[in-house]
Amino acid sequence: MSHIESAEVLLTSPGRNFVTLKITTSDGVTGLGDATVNGRELAVAAYLTDHVVPLLIGRDPANIEDTWQYLYRGAYWRRGPVTMAAIAAVDVALWDIKAKAAGLPLYQLLGGASRKGALAYGHASGTTVEALFDSIRNHLELGFRAIRIQTGVPGLGQVYGVAGDQRPGQRYDYEPARRNVVAGRALPVEEEWDTSAYLRHIPGVFEAVRHEFGPELPLLHDGHHRMRPIEAARLARDLEPYRLFWLEDATPGEDQDALRLIRQHSTTPIAIGEVFNTAFDYQTLITERLIDYVRSAVTHTGGITHMRKLLDFAGLYGIRSGMHGPTDVSPVGMAAALHLDLAVHNFGIQEYMKHSDTTLEVFRTSYTFTDGLLHPGVNPGLGVDLDEDLAARFEYTPAYLPINRTLDGTVHDW
Ligand code: KDG
Ligand code: MG
């Protein structure tokens, strides 16, 4: 019987920090899993190295469900981003191994392809409406058929989701955890926030975008957990004439009942879940049909095994997938999402922020983006190879996501 011979946690920072688990079997097959939790990377690395890797050695790599339950139930302490990202990394690495051993791209083991490719949405943004229009045009030229729009808010400085320099050829990856060193210490950057100013501004932006780009282009928007329930309900209602594909994370993620209030007031489709980590976080939202899209990432939700169960559960209620795909999910996590996107029936859309060239030199991917659709490729397994020598040259550097404060200095959701 083949067994797990080694499992290694690899930290690399090709432009931003990533945690990768590499499992090797006694047959010499290797599998990769992503365990990156943006801004808290070392906690997952330690959880894996100190508490999970020693349990893996000698296990049968083929028994993925059993290993999942062993790590989840066996820990006694359940859920949480660190635990679930660690379990996800093991799970995805084992699926990678199983598919490589079978000589098949992973989606074939998940039931095969249900579609030609996964509709992807890109991130257009601008500090002004004119800059936003340029960014939308740019994304349309790149082939995107669905676009998330975020803009600056008059009176505020840096706002979530709004890129700086978007000239062609410039990187505009605006949301890595930032490397902000003050007197030798890494500290989060602080930003200023004003929900009233935001709520006054955003409906006019959507009106202008619809006027310029017409009624057909699927448009998305991320509220990034900043509104109170009644504010979110008002925004969802104000945006109804612009027929959004979705309004995402309108309220803080832990308050499932807040979504009920939004539903009572609006028919704007609702997406949430990028900070959730199990199907249990969605129980009320799904059974009471309070949302339309599940935003979890494979990386943060226990891997392919648990994410598949979550999506099947959502599918029973007509709720579709919209998996999280920021650049803090590594190319390994992105590839895992794409295999599921292709296979599940209730696929909705996939977020896609292309990784930097440096990241893609370290993680060599086989996935493609053509005519607005992503495809995981047909290489056996996940289709991602890690160049370990190159990865070792990019040392982990502490970095944090920003902190938000309202104009009077109160800490607010970022
Ligand atoms: O690490 C935090 C990011 O993943 C998050 O800010 C991205 O909200 C996000 C999105 O929708 O991609
Ligand atoms: Mg989001």
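Use the structure listed above.
Quick caveat: nothing in here was measured; it's all calculated off a predicted structure.

S.K.: Explain the packing of aromatic side chains to me, please; I cannot follow it from the model alone.
M.R.: A ring pair, where both rings are aromatic, is described by two values, the distance of the centres and the angle of the planes. Enumeration over the complete set of coordinates arrives at 15 aromatic pairs. Ring geometry for Tyr160 and Trp414: centres 5.4 Å apart, planes at 90°, overall edge-to-face. Taken as a pair, Tyr160 in the loop between strand S5 (147-151) and strand S6 (181-182) and Trp414 in the segment after strand S20 (411-412) lie far apart in primary sequence, 254 residues in all. Each member of the pair, Tyr160 as well as Trp414, carries the same accessibility label: buried. When the ring of Phe313 is compared with that of Tyr317, the centres are 5.8 Å apart and the planes differ by 85°; the resulting orientation is edge-to-face.

S.K.: Explanation requested: the sheet that holds strand S3 (residues 30-34) in the structure shown.
M.R.: Remark on secondary structure: sheet strands pair via backbone hydrogen bonds, oriented parallel or antiparallel. Pairing within the open sheet is antiparallel, and its three strands lie in the order S1-S2-S3. Two strands bound the open sheet, and with one partner strand each, they are strand S1 (4-12) and S3. Ignoring which end each strand starts from, the neighbouring axes of this sheet average 20° apart. With five bridges joining them, strand S2 (residues 18-25) and S3 adopt antiparallel strand pairing. Note that in S3 the partner of Thr24 across the bridge is Thr30.

S.K.: Explanation requested: helix H7 (residues 229-238) in the structure shown.
M.R.: One turn of the α-helix equals 3.6 residues, which is why residues spaced by three or four share an orientation. All of the buried residues in H7 are Glu231, Ala232, Ala233, Leu235 and Ala236. Its buried side turned inward, H7 meets helix H6 (195-213), strand S10 (246-248) and helix H8 (258-265).

S.K.: Can you walk me through the sheet that holds strand S19 (residues 403-406) in this structure?
M.R.: Pairing within the open sheet is mixed, and its three strands lie in the order S8-S19-S20. Sheet topology places strand S8 (190-193) and S20 at the edges, where each strand pairs with a single neighbour. One ladder, built from four bridges, connects S8 with S19; its direction is parallel. By the bridge assignment for S19, Trp193 is matched with Thr406.

S.K.: In this structure, what is going on with the side chain of His306? I would like to understand it.
M.R.: Within the fold, His306 resides in helix H10 (residues 303-316). Here His306 falls in the buried class, since its relative accessible area comes to 7%.

S.K.: Quick question: what am I supposed to make of the packing of helix H2 (residues 64-74) against helix H3 (residues 81-102) here?
M.R.: A pair of packed helices is captured by two measures, namely the crossing angle of their axes and the spacing between those axes. The geometry of H2 relative to H3 is characterised by a closest axis approach of 10 Å and an angle of 165° between their N-to-C directions. Judged by the angle between their axes, H2 and H3 are roughly antiparallel. Considering only the axes of H2 and H3, their crossing is right-handed. Between H2 and H3, the contacting residues are Ile64, Thr67, Trp68, Leu71 and Tyr72 on the first element and Met84, Ile87, Val90, Asp91, Leu94, Trp95 and Lys98 on the second.

S.K.: I would appreciate a short explanation of the pairing of S2 in the present structure.
M.R.: It is a general feature of regular strands that their side chains alternate between the two faces of the sheet. Of all eight residues making up S2, eight are buried, and the element is well covered by its neighbours. Judged by which residues are buried, S2 turns out to be covered on both faces: Phe18, Thr20, Lys22 and Thr24 on one side and Val19, Leu21, Ile23 and Thr25 on the other are all buried. From the end of S2 to the start of S3, which pair antiparallel, there are four residues, and Gly28 there has a positive phi angle of about 85°.

S.K.: Help me understand the nonpolar core, please; the structure alone is not making it clear to me.
M.R.: In globular proteins that are soluble, nonpolar side chains generally tend to be buried together. Of all hydrophobic cores here, the largest spans 116 residues; its most connected members are Ile23 and Val294. Counting residues per element, this core draws most heavily on H3, which supplies twelve residues. Discounting chain neighbours no more than four positions away, the residues touching Val294 are Ile272, Tyr282, Ile286, Met307, Leu310, Leu311, Ala314, Ile319, Arg320, Ser321, Gly322 and Met323.

S.K.: I would appreciate a short explanation of the coordination of the magnesium ion (ligand 2) in the present structure.
M.R.: Coordination angles at a metal have ideal targets, namely 109.5 degrees for four tetrahedral donors and 90 or 180 degrees for six octahedral donors. In the first shell of the magnesium ion (ligand 2), the protein supplies Asp222 (OD), Glu248 (OE) and Glu274 (OE), at 2.0 to 2.2 Å from the metal. Expressed as a motif, the donor residue spacing for the magnesium ion (ligand 2) is D-x25-E-x25-E. With Asp222 in strand S9 (residues 219-222) and Glu274 in the loop between strand S11 (270-272) and helix H9 (283-287), this pair connects stretches of sequence that are 52 residues apart. For the residue pair Asp222 and Glu274, the accessibility class agrees, reading buried in each case.

S.K.: Help me understand the pattern of salt bridges in this model?
M.R.: If charged atoms from side chains of opposite charge come close, those side chains can pair. Under the definition given, this model contains 20 salt bridges. The residue Asp134 makes a salt bridge to Arg137 at a minimum N-O spacing of 3.4 Å. Highlighted residues: Asp134 and Arg137, both in helix H5 (residues 129-142), separated by three residues, approximately one helical turn. The partner of Glu274 in a salt bridge is Arg295, with the nearest N and O atoms 3.3 Å apart. Here Arg295 lies in the loop between strand S12 (293-294) and H10 and Glu274 lies in the loop between S11 and H9, a separation of 21 residues in the sequence. For Glu274, a relative accessible area of 11% corresponds to the buried category. Three or more residues joined by partner-sharing salt bridges are found here, namely Glu248, Glu274, Arg295 and Glu351.

S.K.: Any chance you could explain the environment of Ile304 here in plain terms?
M.R.: Tracing the backbone through its elements, the reader meets Ile304 in helix H10. We classify Ile304 as buried; its relative accessible area is 1%. With 156 residues separating them along the chain, Ile304 and Arg148 place their C-alpha atoms 26 Å apart. Apart from the residues within four sequence positions on either side, Ile304 is in contact with Asp91, Val92, Trp95, Leu106, Leu110, Val298, Ala336 and Leu340.

Calculation criteria
- Once a new chain begins, its residue numbering starts again from 1 and follows that chain's sequence as written.
- Naming scheme: in the order in which they are written, chains are lettered from A and ligands are numbered from 1.
- It should be noted that, the model being predicted, local features are given only for residues of pLDDT at least 70 and side-chain atom pairs only at 80 or more, the latter also being counted only at that level, while totals for whole chains, interfaces and linings use all residues.
- Side-chain measures were taken over the full set of non-hydrogen atoms in the model, leaving aside hydrogen atoms and water.
- For Phe, Tyr and Trp, rings pair up if their centres lie within 6.5 Å, where Trp contributes its six-membered ring, and each pair is then called stacked (planes under 30 degrees apart), edge-to-face (over 60) or tilted (otherwise).
- Counting from the N terminus, the helices are DSSP H or I runs at least four residues long and the strands are E runs at least two residues long.
- Buried, partly exposed and exposed residues are distinguished by accessible area as a fraction of the type maximum, computed with a 1.4 Å probe on protein chains only: under 20%, between the cut-offs, and over 50%, respectively.
- Strands were regarded as paired on the criterion that DSSP finds at least two bridges between them.
- Axes here refer to lines fitted to C-alpha atoms; in helices the fit is confined to the stretch in contact. Angles between the N-to-C directions go from 0 to 180 degrees.
- The contact criterion used throughout is that any non-hydrogen atoms of two residues lie within 4.5 Å.
- Should an angle fall under 35 degrees it is called roughly parallel, over 145 degrees roughly antiparallel, and 65 to 115 degrees roughly perpendicular, with every other angle called oblique.
- Should the near helix be turned anticlockwise from the far one by less than a right angle, the crossing is termed left-handed; should it be turned clockwise, right-handed.
- The nonpolar core is taken to be a set of buried Ala, Val, Leu, Ile, Met, Phe, Trp, Tyr and Cys residues, with the residues joined through side-chain atoms within 4.5 Å.
- Note on donors: an N, O or S atom is included if it sits within 2.8 Å of the metal, or within 3.2 Å for Na, K and Ca, and water is never included, so sites can look incomplete.
- Definition used for salt bridges: Asp or Glu carboxyl oxygen within 4 Å of a side-chain nitrogen of Lys or Arg.

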